[in-house]
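# Fold and geometry: a report
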Amino acid sequence: MKEEQVVGQSVPRKEGHGKVTGAARYIDDISIPGMLYGATVRSQVPRGVIKKISFDEHFDWAEFVFVTAKDIPGKNCIALIGDDQPCLADGVVNHPEEPILLLAHPNRHKLRKAVEAVWIEYEPLPAVLTMEESEQCSQIIWGSDNTFKTFLIAKGDVESVWGKADYIVEGEYTTGAQEQLYIENNGVIAVFDSEQGITIWGSLQCPYYVHKAMMALLNLPAEKVRVVQAETGGAFGGKEDYPSIIAGHAALLAMKSRRPVKIIYDRMEDMTATTKRHPSRTRHRTAVSKEGKILGGEIEFTIDGGAYATLSSVVLSRGVIHAGGSYYWPCVRIRGKAVATNYPPHGAFRGFGAPQSLFAMERHMDRIAQAVGLSPVEIRRRNFLKPGETTTTEQVIREEIDLGKFLERALVLSDYRAKKLRFTHENGGGPVKKGIGIAAFLHGAGFTGSGERYLASVVGVEGCADGTVRVLASSTEFGQGTNTVLCQIAAEALNLPYKYVQIAQPDTNQVPNSGPTVASRTAMVVGSLVRSAAIGIRQTLAAEGLHGSYTPEEFKVACRRHVAEHGELRSYARYDPPAGVFWDDQKYRGEAYACFAWAIYIAEVEVDLSTYAATVEDFVALQEVGRVLHPILAKGQIAGGVAQGIGFALYEKVVWQNGRMQNGQMTNYIMPTSADLPPIRVFFEEMGNIHGAYGAKGIGELPMDGPAPAIANAIEDALGVRFDSIPLLPEDIFEAVSNSELSETR
Amino acid sequence: MIGNSKRPGKCEVSLTVNGEPKTVRVYPMERLLDVLRLELGLTGTKEGCGEGECGSCSVVMDGKLVNSCLIPALQVAGATLTTIEGLALGPRLTALQAAFLKCGGAQCGICTPGMILASRQLLDKKPKPTLEEIREGLSGNLCRCTGYMQIFEAVMEAASGNSQ
């Protein structure tokens, strides 16, 4: 018997040794003999017809390999949800940086010069560069009405509430694009063999997404496509869908040249050409009673999807479901719309629509508080969802959640009340103003609605010939701790020490499809499957005499014996939707998520009116995420997410010009450094939870949702000026303060 | 004219890397980062931005922390370098590496080699740094995963000697 439980312990990160010694192999650390390097010639206009492609005749083009859309053996698309996005532009371009032509050469330096020696002439077409222009439809750039997707959530009779309202509070809130800024840029290596087909090694989140995309693009059967994840240096959603594009490019070059091809983006190419968080606009109109209770309201949530549909419909879905926040709405109408523009497609980024709509909700709560004359604390307390009540999709809250209690604890931890008083008192004279702000929110774990049922994920657990155990899943590690947590769960279920369990490298030839590593689903959904599969191993060995409480040595002996006799010992588990769960995809009604994680975040800020720079001075992050499987990893997820949220609010601004990102460098797109961040103080509330393996809910995305509204609320508290758009760089704060002074003097 | 420009020829550069003398034939303006990764096979040094902002390519050169993406090969002639591969000799981790593992200072791991070298330089200068000194001392090395808190804890832990 092992001495203590594995789950709940901060065991060493499985791949940690390689990471602290430099031995870990990321994609650019891998080299294959005879390998060429690939590069991409991209569109320089937001929209146009390609008139002519010409090559500088003075350039030495010997040894170069060229690929255009004509070389694609299958369908010229990146198969994802839809297939509207071409792998290579064919005749027309719809956004800046759209790939048009691919080059490969043995010499990296020469390749860079070659890209500049290709000239493309365009007949420009008018580009659509705002959501409003897209909605006006004066130029149709996608489908019949520039609309990728709409959703409507309708609960109760909203029309009847306006007459009963003591206050009607309106607001419009916007958020900007945000770059994922993983420190390792996108990269892949493709190897083609006419017998075995294509093999892709890459920095990626979802091996089976790439697998599906390669089958369609290259016209290959499933068994002739193999996708392997290399060690991945951060992703945050940015390597969910994009790797299918860069993998497609390397694969096409490899097929044409019959040599291995590596494509590694440099930082500017990665920032300007790949996906970002969707910019958003949310409008609220809320009926409120004089007691400060929300009676009902309308919410309109619109996101800018960029030029192709990619994941916008799913981002929109999560955005609209989270738009009502952690509050009870007797009736509500939420309209969501994802529109097309001529920007590079926006994509997945931690939070996936929720940080956008929750920013609006939590800013709007402070506005409602002001209208009614209540404090930000009291307005939230009076409207929190309670057990037995329903969310905007009419999902019944079955957990014994007490958000009022969480709020009170967060107020104490942040010393909110004393600070609030002190800041009001001290903010008079000098240029430095202080403020404190709250965000209360929730985040649904796993795929939305019927998503997990459609995915039908499979996980395997294998007892090996040497008696150790291996987890087989396509779930990827990119820093969050997938390897560690899934091994912990298997060890716990098999009653073995953690060191006896390893996890296979995600390789579509070796592991089943456990679904994409997204949506905060890995610990909860995939973890449950690991546990079920591990129990299957236990049952098999029990039938052969390994009963009750065995020692690890006894397990090893039984495992070895089984493998010797039967060739292998494997157990697979497939996702089985829980009984009685109702979700209506048409009406967007029912159980949107298996469960929600809940949180209260409190930010203390300082704004220096001599520089107009805002800094966060203290940050309290209190959350309920079910059982904490690994305290250090969990704390790291929260602190890292909060840091990205602080960046979203105060530092990270994408500057666009004619559809192209102008600041695609780390020198001018600024993410928080160690000197910019406050102490991020992380606290967990643990409740018994029926979901997930050993009670875990999703955790990864939650911390992205709360920091921005808490910070904007704190800045308003400090300055008495409304801030309804992020990011808030010094020039933005200056502008808002100047405008408010201007309107006061009128 | 593109493609016809005469590049200066390769030259021999001798240097000491992780205690071993090395001689490489490289172009004078080649980046130290590429010399380490491509010529010497030391891929533990990572490229994040290629312009000296992120610190992923940090190495120690003659006792100073430098961004190897900004150093031309010619400049390292006769220099003594330490890369991440030069810290743990054999399977035993240094106290600092062990502290990064224990405290959660490494998540995706791509900034980790640079971050560990920056931390080592900091501890060499200030064996018992304050939190403020750590915050400032590591501000040239970007980490997108951790929010830095557990990196600070790792440096504190190593400074306190608990991970020895």
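Residues numbered from 1 in each chain as written. Chains lettered and ligands numbered in written order. Predicted model: local features only at pLDDT ≥ 70, side-chain atom pairs only at ≥ 80, totals over all residues. Heavy atoms only, no water.

### What about the confidence of the model for chain B?
Interpreting fine coordinate detail is not advised for predicted regions of low pLDDT. Residue and element names in this part refer to chain B. What counts, and what does not: pLDDT runs from 0 to 100 and stands for how confident the predictor is about each residue. Only heavy atoms matter for contacts: two residues are in contact if any of them lie within 4.5 Å across the pair.
Of all residues in chain B, 93% have pLDDT values of 70 or greater, and the mean over the chain is 94. This stretch, residues 1-5, has a pLDDT under 50; its non-local contacts, to residues over four places away or in other chains, come to 7 contacts. Interface confidence for the predicted complex, given as ipTM, is 0.97, next to a pTM of 0.97.

### Quick look at the packing of aromatic side chains
Residues and elements named next belong to chain A. Quick reminder of the rule: Paired rings are identified among Phe, Tyr and Trp, the last through its six-membered ring, by centres lying within 6.5 Å, and are further divided according to the angle between planes into stacked (under 30 degrees), edge-to-face (over 60) and tilted (the rest). Strands here are runs of E lasting at least two residues and helices are runs of H or I lasting at least four, both read from the DSSP assignment and numbered beginning at the N terminus. Under the scheme applied here, a residue whose accessible area is under 20% of the maximum for its type counts as buried, over 50% as exposed, and between as partly exposed, the area being computed with a 1.4 Å probe on protein chains only.
In this structure the tally under the stated criterion is 20 aromatic pairs over all chains. Plain terms: the ring middles of Tyr612 and Phe734 are 5.0 Å apart, the flat faces sit at 85° to each other, and that makes the pair edge-to-face. One end of the pair, Tyr612, is in the loop between β23 (596-608) and β24 (613-624); the other, Phe734, is in helix α19 (residues 730-745), and 122 residues separate them in sequence. Using a relative accessible area of 17% as the deciding quantity, one classes Tyr612 as buried. With relative accessibility at 43%, the residue Phe734 sits in the partly exposed group.

### Quick notes on the pattern of salt bridges
Rules: Definition used for salt bridges: Asp or Glu carboxyl oxygen within 4 Å of a side-chain nitrogen of Lys or Arg.
Counted under the stated rule, the structure contains 60 salt bridges over all chains. The salt bridge partner of Arg108 of chain A is Asp28 of chain A, with a shortest N-O separation of 2.8 Å. Of this pair, Arg108 of chain A sits in helix α2 (residues 108-116) while Asp28 of chain A sits in the loop between α1 (16-21) and β1 (36-42), placing them 80 residues apart in sequence. Exposure remark for Arg108 of chain A: the relative accessible area of 26% places this residue in the partly exposed category. Among the salt bridges present, the one from Glu135 of chain A reaches Arg281 of chain A, with a minimum N-O distance of 3.1 Å. Placement of the pair is Glu135 of chain A in helix α3 (residues 131-136) and Arg281 of chain A in strand β13 (residues 280-288), with a sequence separation of 146 residues. Residue class for Glu135 of chain A comes out partly exposed when judged on its relative accessible area of 27%. Each of Asp28, Asp29, Arg108 and Lys262 of chain A together with Arg37 and Lys46 of chain B takes part in salt bridges that share partners, so that together they form one network.

### Some remarks on the domain arrangement of chain B
Residues and elements named next belong to chain B. Defined as follows: Domain limits in this description derive from either an automatic procedure or a database domain assignment. The term buried area denotes the loss of accessible surface (1.4 Å probe radius) that occurs when two parts are joined, taken as the sum for both partners. Under this definition, polar contacts are N or O atom pairs within 3.5 Å; protein pairs additionally need one hydrogen-donor-capable and one acceptor-capable atom, and for neighbouring residues in sequence, both atoms have to be side-chain atoms. Each residue gets one label: Ala, Val, Leu, Ile, Met, Phe, Trp, Tyr, Cys and Pro are nonpolar, Asp, Glu, Lys and Arg are charged, and the others, such as Gly, are polar.
Split by domain assignment, chain B resolves into domain 1 (11-86) and domain 2 (95-159). Domain 1 and domain 2 are separated by 21 Å when their C-alpha centres are compared. Where domain 1 abuts domain 2, roughly 1100 Å² becomes buried across the two surfaces, and 61% of that area is made up of carbon and sulfur atoms. Broken down residue by residue, the surface that domain 1 buries against domain 2 is led by Cys54, Leu65 and Ile84, which jointly contribute 40%. Taken together, the links from domain 1 to domain 2 amount to 4 residue pairs in polar contact (both at pLDDT 80 or more). Looking at the side of domain 1 that touches domain 2, the elements with two or more residues in it are β3 (58-61) and β4 (64-67). Top element by residues in the side of domain 1 that touches domain 2 is β3. It accounts for 3 residues. Considering only residue class, the side of domain 1 that touches domain 2 consists of 5 nonpolar, 7 polar and 3 charged.

### Concerning the nonpolar core
To keep things clear, this is the line we draw: What is meant by a nonpolar core is a set of buried Ala, Val, Leu, Ile, Met, Phe, Trp, Tyr and Cys residues, joined one to another through side-chain atoms within 4.5 Å.
In terms of nonpolar packing, the biggest core is built from 166 residues, with Ile715 and Ile733 of chain A touching the most fellow members. Taken together, domain 1 (11-86) and domain 2 (95-159) of chain B each give at least three residues to this core, which thus spans both. Excluding anything up to four places from it in sequence, Ile715 of chain A contacts Val605, Val607, Ala614, Leu650, Gly720, Phe723, Leu728 and Ile733 of chain A. Residues Val501, Leu546, Leu569 and Ala693 of chain A belong to the second largest nonpolar core, which totals 40 residues.

### Topic: the sheet that holds strand β3 (residues 65-67) of chain A
All names here are of chain A. We apply this condition: A strand pair is defined by DSSP finding two or more bridges across the two strands. In this analysis an axis means a line fitted to C-alpha atoms, helices contributing only their contacting stretch, and an angle means the value between N-to-C directions, from 0 to 180 degrees.
The 7 strands lie next to each other as β3-β5-β1-β12-β9-β10-β11, forming an open sheet whose pairing is mixed. The open sheet has two free edges, formed respectively by β3 and β11 (225-229), since each of these has just one partner strand. For this sheet, the mean inter-axis angle between neighbouring strands, taken without regard to orientation, is 25°. As paired strands, strand β9 (residues 187-193) and strand β12 (residues 261-264) are joined by 4 bridges and run antiparallel to one another. By the bridge assignment, Ala190 is partnered in β12 with Val261. Against the sheet, α2 contacts β1, β5 (99-105) and β12, and its axis sits at roughly 15° relative to β1. Contacts from helix α5 (residues 243-257) reach β1, β3, β5, β9, β10 (197-202) and β12 within the one sheet, and its direction differs from that of β9 by about 35°.

### Details of empty space enclosed by the protein
All names here are of chain A. Applicable threshold: Residues are said to line a cavity or pocket when one of their atoms sits within 4 Å of a point; the points come from a 1 Å grid over protein atoms alone, cavities being sets where a 1.4 Å probe fits but cannot get out and pockets being open sets with protein on both sides within 12 Å along at least five of seven lines. Grid points are joined across faces, edges and corners, and a volume is the space filled by probe spheres set on the points.
Across all of its chains, the model carries 5 cavities of 30 Å³ or more by this definition. Of the pockets and cavities examined, the largest cavity occupies roughly 130 Å³. As for the largest cavity, its lining consists of 17 residues, of which Gln85, Tyr242, Ile245, Ala273 and Pro345 are closest to the centre. In terms of residue class, the lining of the largest cavity is built from 8 nonpolar, 5 polar and 4 charged. By volume, the second largest cavity is sized at about 80 Å³.

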